[in-house]
There are 2 protein chains.
Amino acid sequence: MPTFTDRLAAAVLEKRSPLMVGLDPRLAQLPDPVRPAGGATLVEAADAYRLFCCGVIDAVADFTPIVKPQAAFFEQLGPAGMAALGAVIEHARGAGLLVCVDGKRNDIGSTAQAYADGWLGDQSPWKADALTVSPYLGDDSLEPFTKVAAERDAGLFVLVKTSNPGGGLFQDRVSDGQPLFRRVGEHIESLNAAAPGEHGYGVAGAVVGATYPEQLAHLRAAMPHTWFLIPGYGAQGGTAADVAGGFADGGLGAVVNSSRGVIFAHEKRGGDWQDAVRAAAEEAAAELGEASGL
Amino acid sequence: MPTFTDRLAAAVLEKRSPLMVGLDPRLAQLPDPVRPAGGATLVEAADAYRLFCCGVIDAVADFTPIVKPQAAFFEQLGPAGMAALGAVIEHARGAGLLVCVDGKRNDIGSTAQAYADGWLGDQSPWKADALTVSPYLGDDSLEPFTKVAAERDAGLFVLVKTSNPGGGLFQDRVSDGQPLFRRVGEHIESLNAAAPGEHGYGVAGAVVGATYPEQLAHLRAAMPHTWFLIPGYGAQGGTAADVAGGFADGGLGAVVNSSRGVIFAHEKRGGDWQDAVRAAAEEAAAELGEASGL
């Protein structure tokens, strides 16, 4: 099997779309046809999340190579929510989409190994193609993820520069003339440069927010072997112009996540909720495809 | 209800034990009576984890105020593992123990809110008393956790200085004469100093490894309103002498985690596995009780 980044590159090229659709279900925002009545049990709410996310997947599959279910919203519903997450991943894979679980996991060595084993690849129970990972615990905590990802043709995206306003408090701290996020990026790039896939990207991607376009462009230049996951586009304020600097020549090297702007498109557009989602995904894919230079 | 740290302090004093027992089940190390035959399904493995962890809880309940199930090992078994985690938390609470889920979660604002809502307190589906949290995303990502914890008399433990050898790569980077982990600690201490409970500790605890005793003692002095969760004692190499500097006068202010050294005690001690676990917990509690000055 090709590596995760090679599969991602092929899917981006095929669909001419660097759009990643974030599956962030929230009970209060579900469209009427899938929203349970007030006072839903956890099991009813989890079933609504499953129905909603599977409906979103069906609506966006033509316009996006990859979806990103947000673990937090499923965890919020307890074990029933986690079962729904499993069903959503399975549905997305059945629709031919890649799946990156947004869990921002990590731990020390043997525990990180359990996360990597548990989430990544066909052999795992969850069968995700990729997982988001936090770098605070250092290089030995990232190693099990890169190793398992390489063995299973899966991927990971390590937090480098996040899209939230407070992200800079620790990420921007400068040592030896270099902010922490640049140091984290440098470490990831070194792993990827040692083992690039056919399209030139290694297994360890980087999360770099659309809300810091200058740093994004700078990191793009400094990390040529690293695929970016760019959050912050759309509802969080990042524009297509803001993310343009995140792509490499030829339009590869990044996927741009949109969650609320696509999945809750019925709130603004009205009409059939899946039609609204489909239209929003098509528009975002076209806008981002143009910005990327694909 | 008293705050989480006040309940923790009361339980530590009652049991004269600052021992925290880490519930890190691993299939290959389960004692014979609860280990499924080779080729167990995920559901069978998850049921074995549940049986094992509940058996550990029953064996250690007299000697520990708090248990720490490691989310990674349950997640590794897919949705069935998460159902087992729910059952283990419930059993521990039924045994009168506090429960800190070790998930090292975090995300940006509204998603962090979902993690906090989902995990913390009686009103949540998981009903944990506390959760471990990663700081990389900055102050606005910690805020939902401290807010929900304060509202629900729950707690959190933020990674400050982790016990693994590679933890220093990013945590030890110095800006303005101060390593990153000290800066993270300073931020947490400022939150706690503003709203200490009856015993003097705020809702936001700190994870500080036993494997760096000098930094531990330094942080203890710098963070008088912050309760510590100290990993790295026992199997990871930290001794009772190493953790002694983590306690405040009077023996409060820290719990010291032991996972493998207690839960897999049957491997070294033989005999009935629960007797072995009980004996290991009793010994660790006595040793740590002495080191703490309780």
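Residues numbered from 1 in each chain as written. Chains lettered and ligands numbered in written order. Predicted model: local features only at pLDDT ≥ 70, side-chain atom pairs only at ≥ 80, totals over all residues. Heavy atoms only, no water.

A separate point is the environment of A:A248. All names here are of chain A. Tracing the sequence through the fold places A248 in the loop between α10 (240-243) and β10 (254-258). Linking A248 and H225, residues 23 residues apart in sequence, is a C-alpha distance of 9.9 Å. Setting aside residues no more than four positions away along its own chain, A248 makes contact with Y201, R220 and S292. (Helix = DSSP H or I, 4+ residues; strand = E, 2+ residues; numbered from the N terminus. Contact = heavy atoms within 4.5 Å.)

Let us look at the sheet that holds strand β3 (residues 98-105) of chain B. All names here are of chain B. Taken in spatial order, the 8 strands close into a barrel running β1-β2-β3-β4-β5-β8-β9-β10, and their pairing is parallel. Between one strand and the next, the sheet's axes are offset by a mean angle of 30°, whatever the strand orientation. For strand β2 (residues 66-69) and β3, the ladder comprises 2 bridges, and the chain directions are parallel. Paired with V67 across the bridge in β3 is V99. (Pairing = 2+ DSSP bridges. Axes fitted to C-alpha atoms, helices over the stretch in contact; angles between N-to-C directions.)

The interface of chain B with chain A comprises 58 residues on the first partner and 58 residues on the second. Each partner contributes to the roughly 5000 Å² buried at the junction of chain B and chain A, and carbon and sulfur atoms together form 59% of this total. Looking at the side of chain B facing chain A, the largest losses of area belong to B:Y136, B:F170 and B:R173, adding up to 19% of the total buried there. Here chain B and chain A share 31 residue pairs in polar contact (both at pLDDT 80 or more) between them. For the side of chain B that touches chain A, the residue count by class is 27 nonpolar, 20 polar and 11 charged. (Buried area = accessible area lost by both parts, 1.4 Å probe. Polar contact = N/O pair within 3.5 Å; in protein donor to acceptor, adjacent residues only side chain to side chain. Nonpolar A, V, L, I, M, F, W, Y, C, P; charged D, E, K, R; others polar.)

Residue and element names in this part refer to chain A. Within the sequence span of helix α9 (residues 213-222), burial applies to L216, L219 and R220. Angularly, the buried residues of α9 cover 105° about the axis, an arc narrow enough to put them on a single face. Away from the buried face of α9 by more than 90 degrees, exposed residues E214 and A221 are located. (Buried < 20%, exposed > 50% of the residue type's maximum accessible area, 1.4 Å probe, protein only. Arc of directions from axis to C-beta.)

Moving on, we get to the relation of the copies chain B and chain A. With an RMSD of 0.0 Å, the fit of chain B onto chain A corresponds to turning through 180° and sliding 0.0 Å along the axis. Both chain copies can therefore be described as sitting about a two-fold axis. Identified as the residue of chain B closest to the rotation axis by C-alpha distance is B:S175, at 2.6 Å. Both copies share a contact surface, since 100% of the interface residues of chain B are interface residues in chain A too. (Least-squares fit on C-alpha atoms with pLDDT ≥ 70 in both.)

A few words now on the pattern of salt bridges. Evaluated as defined, the whole model comprises 32 salt bridges over all chains. With a shortest N-O distance of 2.8 Å, A:D172 and A:K161 are connected by a salt bridge. On the criterion of sequence distance, the pair formed by A:D172 in the loop between α7 (168-171) and β6 (174-175) and A:K161 in strand β5 (residues 155-161) is long-range, its members being 11 residues apart. Residue classification places A:D172 among the partly exposed residues on the basis of a relative accessible area of 32%. Take A:K161: its relative accessible area is 1%, and that puts it in the buried class. Among the ionic pairs, B:R269 bridges to B:E283, the shortest N-O distance being 3.2 Å. Of the two residues, B:R269 sits in helix α12 (residues 266-269) while B:E283 sits in helix α13 (residues 273-292), which places them 14 residues apart along the sequence. Here the salt bridges do not stand alone but share partners, grouping A:R7, A:R93, A:D122 and A:D129 into one network. (Salt bridge = Lys/Arg side-chain N within 4 Å of Asp/Glu carboxyl O.)

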